[in-house]
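Geometric and topological summary
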Amino acid sequence: MPEGDSVWRAAAQLHAALAGQQLTASDFRVPRFATLKLAGWTVDEVVPRGKHLLMRLRGPAEERLTIHSHLKMEGAWQVYPPGGRWRKPGFTARCVLRTATADAVGFSLGILEVVRTADEDSVVGHLGPDLLGPDWDMAEAERRLRAAPDVPIGVALLDQRNLAGIGNIYRCEACFLSGIHPAAPVSDVTDLPAMMATAKQLLEANLGPGRRTTVLNPRGMPVGRMAGRPGYWVYRREHQPCLKCGTPIRHGVLAKGHQTGTGTEERDIYYCPTCQPPPGPNA
């Protein structure tokens, strides 16, 4: 599942390539929209909303439509010069948009649909405040999180109905930097605003080029991109020493049956048992 920073970068790339451009052709390779043709429509903007992408278009008669997509686990949008050779197999393409200056191709998209722009709330209205969006509201996000005090914080942070944009990487890293085990209930987190501020700082530090890292210096600058330095504090560092105390990092899963907003499932967690003491014997 993509993290909010990945979707933000994808939206920025698509916006730079398509905004203000008129489509010369469109090809929706999903049954529901296979007959929809948007040649002659103009792309007004491409914006992220949590882990969702919204491509807003204006028709010749000033109609407004939005192409809504979600990358899920395998999806990607890529931009090519007109007629450029694709880097992914053609059979995985779900949407092809062509302009005079660029081709945009959506591969293996988990969700692809077209709605009236006035009806965008029908596809993203359930989302909580977006950590990378202009609507970010920490107080509202905290209210939503605290509404279910017994839910593990590691589950609550992934529930996009609470706050939008956090995936498994930032969930694990924000919990570590806050000294909270991911299985601890929300009620055990005394300073939720500080935890959310940490997650927001990490996301914002990774909006530019270069590999993702959550290891920042006290000024908030990435140091995990340096040669030989770990990119993450705990994520996928099982058995490696904690960068703070040296204790081997552990791997686990949150108990199956906790609701995440996208179904019930297990998710990997990584944590330092010294810096993040488990909340109980069954954690």
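The preceding data block contains the structure.
To start, this report covers the structure provided alongside it. This one's a predicted model, so the numbers in the text were calculated from it and none came from an experiment.

Looking at the side chain of serine 26
Summarising the element assignment, serine 26 is placed in strand E1 (residues 25-28). In this structure, serine 26 is in contact with Leu36, Lys37, Leu38, Ala39, Val96 and Leu97, ignoring residues within four places of it in sequence.

Digging into the pattern of salt bridges
Taken as a whole, this structure holds 17 salt bridges when the rule is applied. Between arginine 64 and glutamate 62 there is a salt bridge, with its nearest N and O atoms 3.2 Å apart. When salt bridges with common partners are traced through the structure, they connect Asp44, Arg58, Glu62 and Arg64 into a single cluster.

A short note on the packing of helix H5 (residues 168-178) against helix H6 (residues 192-204)
Running from N to C, H5 and H6 point in directions that differ by 130°, and their axes come no closer than 9 Å. The angle between H5 and H6 falls in the class oblique. For H5 against H6, the interelement crossing comes out right-handed. Here Tyr170, Glu173, Ala174, Cys175, Leu177 and Ser178 of H5 come into contact with H6, specifically with Met195, Thr198, Ala199, Leu202 and Leu203. Split into classes, the residues belonging to the contact of H5 with H6 amount to eight nonpolar, two polar and one charged.

As for the side chain of histidine 52
With respect to the secondary-structure elements, histidine 52 resides in strand E3 (residues 52-58). Classification of histidine 52 as buried rests on a relative accessible area of 8%. Of the polar contacts made by the side chain of histidine 52, one reaches the side chain of histidine 68; its length is 2.8 Å.

Conventions adopted
- Residues numbered from 1 in each chain as written.
- Predicted model: local features only at pLDDT ≥ 70, side-chain atom pairs only at ≥ 80, totals over all residues.
- Heavy atoms only, no water.
- Helix = DSSP H or I, 4+ residues; strand = E, 2+ residues; numbered from the N terminus.
- Contact = heavy atoms within 4.5 Å.
- Salt bridge = Lys/Arg side-chain N within 4 Å of Asp/Glu carboxyl O.
- Axes fitted to C-alpha atoms, helices over the stretch in contact; angles between N-to-C directions.
- Parallel < 35°, antiparallel > 145°, perpendicular 65-115°, else oblique.
- Left-handed = near helix turned anticlockwise from the far one by under 90°.
- Nonpolar A, V, L, I, M, F, W, Y, C, P; charged D, E, K, R; others polar.
- Buried < 20%, exposed > 50% of the residue type's maximum accessible area, 1.4 Å probe, protein only.
- Polar contact = N/O pair within 3.5 Å; in protein donor to acceptor, adjacent residues only side chain to side chain.

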